[in-house]
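One-letter residues, chain by chain:
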Amino acid sequence: MRRPVNTSGDTIAAVATAPGYGGIGILRLSGPNAAGIANAVCGALPAPRQASLRTFRDSAGQALDQGLVLFFPAPASFTGEDVVELHGHGGPVVLDQLLCCCLERGARAARAGEFSERAFLNGRLDLAQAEAIADLIESGSAMAARGAMRSLSGEFSRQVTAIVEALIGLRTRIEAAIDFPEEEIDFLADGELSRQLALLDRDLDELRKRADQGALLRHGLEVALAGPPNAGKSSLLNALSGEDTAIVHHTPGTTRDLLRCDVQIEGLPVHLVDTAGLRESGDAVEREGVRRARRALAGADLVLWVCDDSAGPQPLPPGEDGTPRLQVFNKIDLSGRAAGEAGPGALALSARTGAGLAHLRSALLAAAGYRPAGEGTFTARRRHLDAMARAARCLHAAAPLLAARDGELAAEELRGAQHALAEITGAFGSEELLGQIFASFCIGK
Ligand SMILES: Nc1nc2c(ncn2[C@@H]2O[C@H](COP(=O)(O)OP(=O)(O)OP(=O)(O)O)[C@@H](O)[C@H]2O)c(=O)[nH]1
Ligand SMILES: [Mg+2]
């Protein structure tokens, strides 16, 4: 338990199911007065964790709905507080009435992520697990969902915590060596601490690799299709998505707006954006399209530079700064070039016949650094990757210091690493960070 149970004394209420129409809709109450409020709405509560049918009534005694009621007394509930769930019918009006009726009886409408925040504050889950719930709900592929589930089960947090504990152990020994230099064994001299540090560094590296894959699964790869007009960018978007999404036409300058389309390649979410063909144009609308295209290229993780291979040699113009590019020679059904690799960073294909598309898919996976068969990934957010990167930098800085027997500075670096990692599970961090994280969750979560 990190902190005392919610001290605000508020009981919060929110609809926990998605908005819209459904067979059932669930309203969740959490807080010291959850049972009292539910009692006023539906009469005597059933025994803990047992479902029972009740009629839900407003303050005038008018029946609003009927459904199942579940009571989870503190502390064995999701939030660690008294929780009551009212399972009514899933219509927006009926659920809204039920919510109003709980608010009239003293509940407060929950803020986004407030149930998860209370669960975290009451030590029911750590921060990485709370985030994993949000990731599981939002996961865009089965692989991403498995990664989220693995993090939710606490596996990721356990590995982070194991490294943090090893760091603390190492720091303690270094500090002991500094404080008691007269001890018989000079820890700083025997090289053992450096070996332990190297092991920690390796463990962290392994964890980062698994988290990197998880972050990829969560965020996906942003790929912009760019190139001269008529090269077949829109045709390629349609070929990759298997749908007739973009307008394809032999008139150059067909596409003006950015057109987004999400596909999956072996579980990896790939966010494609088709752009206007890049050329100088006298047409104001087309010029705006080109401006937007350039912006999309700058924001992408990878640019596919598409050109018409049947139109003669195509020099690759200078790219946007820093964004990796893959050159795609399209229309090989006309040019006769063989499908597949066509030199370093280049591929040949036909958006029309589909030849070479499989190569392109593999190249996209490779560019993302994605290992489709990679089991054991964790869902991870940029925040986790940043924290691990900071920790790794500290460990790298500590190694030469330790070797030079500068215990104090080495210990300071290890402390930096420890704090960076502890931010992942929320064992160390600011209120502001917590506020930001939970506010990004949805209401009722
Ligand atoms: N033979 C052949 N024709 C293709 C291929 N890909 C695209 N085309 C044709 O090339 C023309 C232009 O295709 P688009 O996909 O509209 O080209 P674009 O790059 O999106 O063009 P803009 O939107 O104008 O920049 C169309 O007539 C397509 O049918 C291909 O692989 N082979
Ligand atoms: Mg187009």
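Starting afresh in each chain, residues are numbered from 1 along the sequence in its written order. Throughout, the order in which chains and ligands are written sets their labels, letters from A for the former and numbers from 1 for the latter. Owing to the predicted nature of the model, reporting of local features is limited to residues with pLDDT of at least 70; listing and counting of side-chain atom pairs is limited to 80 or more, with chain, interface and lining totals taken over all residues. To obtain the side-chain values, all non-hydrogen atoms of the structure were included, while hydrogens and water were left out.

*Asks:* Can you walk me through the sheet that holds strand β6 (residues 108-109) in this structure?
*Replies:* Sheet strands pair by backbone hydrogen bonding; their relative direction is either parallel or antiparallel. With respect to topology, six strands assemble into an open sheet ordered β3-β4-β5-β2-β1-β6, the strand pairing being mixed. Only two strands of the sheet have a single partner each, and these edge strands are β3 (52-57) and β6. Judged from the two bridges that link them, strand β1 (residues 12-15) and β6 form a sheet pairing that is parallel. Residue pairing for β6: I12 is matched across the bridge by R108. Residue contacts follow a heavy-atom distance rule, with two residues in contact if any of their heavy atoms lie within 4.5 Å. As a rule, the C-alpha atoms of each element are fitted with a line to give its axis, helices using only the stretch in contact, and angles between N-to-C directions run from 0 to 180 degrees. Helix and strand definitions follow DSSP, with helices as H or I runs of at least four residues and strands as E runs of at least two, each counted in order from the N terminus. Lying over the sheet, helix α1 (residues 34-42) contacts β2 (22-30), β3, β4 (63-72) and β5 (83-90), oriented at roughly 80° with respect to β3. Its contacts with the sheet put helix α2 (residues 92-104) on β1, β2, β3, β4, β5 and β6, and the angle it makes with β2 is roughly 15°. Pairs of strands are assigned from DSSP output, requiring at least two bridges between the strands.

*Asks:* I keep staring at the pairing of strand β9 (residues 268-274) and nothing clicks. Help me out?
*Replies:* Within a regular strand, side chains alternate between the sheet's two faces. Partly exposed describes any residue whose relative accessible area lies between the buried limit of under 20% and the exposed limit of over 50%, with all areas from a 1.4 Å probe on protein chains only and scaled to the type maximum. With respect to burial, β9 is a largely interior element, six of its seven residues being buried. Note that strand β7 (residues 221-226) and β9 share five bridges and pair parallel. Opposite L225, over in β9, you have D274 as the bridge partner. Here seven bridges tie strand β8 (residues 259-265) to β9, and the two strands are oriented antiparallel to one another. Residue R260 lies in a different strand from β9, and its bridge partner there is V273. Between β8 and β9, which pair antiparallel and follow one another directly, the connecting turn spans two residues, one of which, E266, has a positive phi of 45°.

*Asks:* I would appreciate a short explanation of helix α4 (residues 127-138) in the present structure.
*Replies:* Each α-helix turn comprises 3.6 residues. Residues three or four places apart therefore point the same way. Multiplying one less than the number of residues by 1.5 Å gives the expected span of a helix. Here α4 contains twelve residues, and its C-alpha end-to-end distance of 17 Å stays within 8% of the 16 Å for a straight helix at 1.5 Å per residue. Most of α4 is tucked away, with nine of its twelve residues classed as buried. If you check which residues of α4 are buried, you get L127, A128, Q129, A130, E131, A132, I133, A134 and D135. Pairs of N or O atoms are called polar contacts if they sit within 3.5 Å, as long as, within protein, a hydrogen donor faces a hydrogen acceptor (for residues adjacent in sequence, only side-chain-to-side-chain pairs). Capping the start of α4, D126 holds a side-chain oxygen 3.0 Å from the backbone nitrogen of A128, two or three residues further along.

*Asks:* Mind showing me how you'd approach the pairing of strand β10 (residues 302-308) here?
*Replies:* Where burial is concerned, most of β10 is hidden: seven out of the seven residues are buried. Residues L302, L304, V306 and D308 of β10 are buried on one face, and the alternating residues V303, W305 and C307, pointing to the opposite face, are buried as well. By the bridge criterion, six bridges tie β10 to strand β11 (residues 325-330) in an arrangement that is parallel. In the sheet register, V303 faces β11, and the bridge partner there is R325.

*Asks:* Whenever I open this one, the domain arrangement of the protein confuses me. Can you help?
*Replies:* How big an interface is tends to be stated in terms of accessible area lost as the parts join. Domain extents, as shown, originate in an automatic or database domain assignment. Domains assigned within the protein are domain 1 (12-124), domain 2 (137-217 + 381-426) and domain 3 (221-368). Put simply, the middle of domain 1 and the middle of domain 2, counted by C-alpha atoms, are 41 Å apart.

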